[in-house]
Amino acid sequence: MKKSNAGRFSWNALLFMTTALTGGGAATAALAQDTGVEEVIVTATKRAENLQDVPISVQAIGGERLDQLNITDFEGYAQHLPTLSYSPSYGPGYNRPFMRGVASGENGNHSGSMPSVGTYLDEQPITTITGNLDLHLYDVARVEVLAGPQGTLYGASSQAGTVRIITNRPDTDEFTAAFDLEADAVHDGGIGESGQGYVNIPISNRAAVRIVGWAEHQDGYIDNRPGTRLYPTSGVLDNNSDVAEDNYNTVDTVGARAALGIDLNENWTVTPQIMAQRQETNGVFAQQPSVGDLAVMHWFPEWNHDEWIQGALTIEGSISNFDIVFAASQLSRDVDSNQDYADYGYFYDTLVGSGSYFTDNAFNPINPAQQVEGRDHYDRSTYEARIASPAQNRLRFIAGAFFQHSEHNIHQRYVIEGFNDAHEVTGWRDTIWLTEQLRTDEETAVFGELSYDITDRLTGTVGTRVFHTENSLRGYFGFNDTFAAFYGLDPDYPGEQTCIGPPSVGGEPCTNLDKSTDEDGQLYRANLEYRIDDDRMVYATYSEGFRPGGINRRGTLPPYAADYLDNYEVGWKTDWADGRLRWNGAIFHEVWKDFQFAFLGANGLTEIQNAGDAEINGIETDLVWAPAEGLSITAAGTWLDSELTSAEIVDTVAGTQLPVAPDLKLDFTARYEFPLGAWEAFVQGGASYVGERSIDIRQTEAALIGTLDAYWTADVSAGVERDGWRLSAFIDNIFDERGVTGRYTECAITTCAGEPYDVVIRPLNGGVRVGRRF
């Protein structure tokens, strides 16, 4: 077995790093010098407002707290925002967010449903189907999570909520800069390191540039153990000694962001921005219970290379006291991958003897294990223009128009080494199955909201969005026609035998799928806000969200229709104890109509159907308390009760709980800042709880795959700061919990249930950080 060069975790090594860095005189974490709760400004309603003045459910993590919690990625902020859940699978870049339990167990297939949660970087949507951009967070102003349907202002894919990542903008006032370095070690794993920094340079009193960069290596903690596997039909004995390796799930990320802010005059500002990132991962981020703790036994190289670049332009100004915003973006993303798919061949061979299908040119049996070569290319263009009347007016409005066009070139090649030339997909060596498709999604919308102060304390708001969506899918997917005929597959089974035209995407043999669908609709929102006094407010909201319908890749199936979410919500925003205590919350009832369900159907092909209706009841709340100078305590939680109210696909029944989201999710953090000689110091601790979760709404599959157990995880850190230098040490997952965040099989659950994979949280890890602020 190959050994990782990074080595194993050593507490002596960690102590040495801490001692060495302390000798350099560094420190960490700015201290809060007041006893009040920090004011958070958000732009959730597309106006800059105090969080406490926004009459919708918004949870936000400001830049200072992001830094204190050392949050640098999606999983980091999802841990501390209980209303947000996610379904992990193959690793970074594949996480799919969910809110308020609006999840049916989507498998994230490239031809599947659009996400139910939209993700934005500043003004631009960055939502993609198989997984959102895995942004590295540094020099970020805040992360906002808008729970519940945001359809009127944010449109498609904001059916259940919206995540907004707001970056710090160029500042003409002064030069500022910072850097942070980190070294960490994983229990029973290797050593990781990262470096990140930014610089803000005023060019003149009307222009400034802000440049951010980062590079990070995360060492692995999953071992690919050596072993053998016997295929019963062919008698082939496979051996994985060529790919077995300790700590093989490594992640290397490098990226940069640059923005130029130009004040054209007192009223108009132009901000062009470009951001790019390259992320290379190896291995899988799950353990195979049949193999052992933090271990799998895989047979082929596994890697994922994710590169993307996004250019954006924001123009802001005012005309006669009306605020004008125009935002445009262009995203290009390439994801190349290779995945082990050997379980598919093994279990089909074991159950139905399919290993006999796979031969060489002399029709001798060969190893039926498969690997999947993937190449995905995404292009997305977005444009939005909006106008807002003065916020202080008794009657005020926001109105705008939105257009989005996205294309996804899909290449998936299923490879069996040494496969019969006569049976491989025409033009593709050793290929039993080929997907070569172009998916196109488009949305056009106009939207608006109107608010009126009925009295000094009572405000009503109504909003609407009128939209048109289009989805198309064309290209090729399937087998070689000779292979299909030789083994007596159904004549309608996808492949060269179902061609309808010449190639239309790339190097595919022909076109056997070319379909499109479109939809028109309207969404509505109504809100009533009552301000009890200057520190307390209650509100009631009705809002709607939707996801567009689309094309099933199996051409014999009809398109699936849009699904809709109706939300009924009452909430509160309150400050107490002279600003030392902030308590917000919401109680909601949601009705999910004709929800989309993606699953592996016949022969392992993803199908999407409108599966029925569901209802979700819940409570979400968050609290921030500063009981004494230097001491802050935060707590947040979400409780859900969900069930199917009607079931329209086989093997589902009314009353079944929706999967993925836990019934209870909690997060707690306490931080104390205090003087320590000539230094300013802090200690911090936190704990998070994720409740039990189901995985599938189908009765048979749910019984086979089981449920995910509840788990706690806890983190601690401490550090000092002086003269702009800062140093800290941390331990995450201090009790080395094996919290399972997801479970999957490589093929249909009813076939591969004997080999599940548990995606687990990162094991016990600790490290040190050193940084400098200028």
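Rules and cut-offs
- Residues numbered from 1 in each chain as written.
- Predicted model: local features only at pLDDT ≥ 70, side-chain atom pairs only at ≥ 80, totals over all residues.
- Heavy atoms only, no water.
- Core = buried A, V, L, I, M, F, W, Y, C linked by side-chain atoms within 4.5 Å.
- Buried < 20%, exposed > 50% of the residue type's maximum accessible area, 1.4 Å probe, protein only.
- Contact = heavy atoms within 4.5 Å.
- Pairing = 2+ DSSP bridges.
- Helix = DSSP H or I, 4+ residues; strand = E, 2+ residues; numbered from the N terminus.
- Patch = residues over 30% accessible without salt bridge, like charges linked within 9 Å, V, L, I, M, F, W, Y side chains within 5 Å.
- Areas by Shrake-Rupley, 256 points an atom, 1.4 Å probe, with all protein chains shown as cover.
- Salt bridge = Lys/Arg side-chain N within 4 Å of Asp/Glu carboxyl O.
- pLDDT = per-residue confidence, 0-100.
- Phe/Tyr/Trp six-rings, centres within 6.5 Å; stacked < 30°, edge-to-face > 60°.

**A look at the nonpolar core**
If you look at the biggest cluster of nonpolar residues, it comprises 48 residues, and the most contacted ones within it are Tyr 77 and Leu 135. Excluding residues that lie within four positions of it along the chain, Leu 135 makes contacts with Thr 72, Asp 73, Leu 121, Ile 126, Ile 165, Met 275, Gln 277 and Trp 308. Judged by nonpolar contacts, the second largest core, of 22 residues, contains Tyr 344, Val 372, Ile 416 and Leu 513.

**Description of the sheet that holds strand β8 (residues 140-147)**
Across the sheet, which stays open at both edges, the five strands sit in the order β3-β8-β9-β6-β7 with mixed pairing between neighbours. What marks the edges here is a single partner per strand, and that holds for β3 (58-62) and β7 (124-125). Alignment of strand β6 (residues 117-121) against strand β9 (residues 161-167), held across five bridges, turns out to be parallel. For Gly 118, the partnering residue across the bridge sits in β9 and is Thr 162.

**Here we look at helix α5 (residues 342-352)**
Regarding α5, the residues found buried are Ala 342, Asp 343, Tyr 344, Gly 345, Phe 347 and Asp 349. Structurally, α5 contributes buried residues whose contacts are with β14 (228-230), β21 (322-340), α8 (749-752) and β39 (757-760). Immediately downstream of α5, the backbone of Gly 353 shows phi near 70°, a positive value.

**A few points about a nonpolar patch on the surface**
On the surface, a nonpolar cluster with roughly 510 Å² of combined accessible area is contributed by Leu 395, Leu 450, Tyr 452, Ile 454, Val 462 and Leu 528. Relative to the elements of secondary structure, Leu 450 occurs in strand β24 (residues 431-453).

**So, the confidence of the model for the chain**
With 94% of its residues at a pLDDT of at least 70, the chain reaches an overall mean of 89. In this model, residues 1-34 is a region of pLDDT below 50 whose contacts with residues beyond four sequence positions or in other chains number 86 contacts.

**Brief notes about the environment of Ser 87**
Structurally, the position occupied by Ser 87 is in strand β4 (residues 84-87). Put simply, Ser 87 and Val 291 are 204 residues apart on the chain and 23 Å apart in space, counted from C-alpha to C-alpha. Apart from residues lying up to four places away in sequence, Ser 87 is in contact with Tyr 94, Asn 95, Arg 96, Phe 98 and Val 660.

**Here's the deal with the packing of aromatic side chains**
The geometry of two aromatic rings is summed up by the distance between their centres and the angle between their planes. Within this structure, the stated rule accounts for 28 aromatic pairs. On the numbers, 5.2 Å between centres and 80° between planes, the contact of Tyr 120 with Tyr 154 is edge-to-face. A residue pair is termed long-range when its members are at least 10 positions apart, and Tyr 120 in strand β6 and Tyr 154 in helix α4 (residues 151-154) qualify at 34 residues. Judged by relative accessible area, which is 4%, Tyr 120 ranks as buried. Taking the centre distance of 4.6 Å and the plane angle of 40° together, the rings of Tyr 344 and Tyr 348 count as tilted.

**With respect to the sheet that holds strand β38 (residues 740-744)**
In any sheet, the strands associate via hydrogen bonds between backbone groups, in a parallel or an antiparallel arrangement. The three strands are arranged β18-β39-β38 in an open sheet whose pairing can be described as antiparallel. The open sheet terminates on both sides in strands that have one partner only, identified here as β18 (286-287) and β38. Of the pairings in the sheet, the one linking β38 to β39 comprises four bridges and is antiparallel in character. When the sheet's bridge partners are listed, Arg 743 is paired in β39 with Asp 758.

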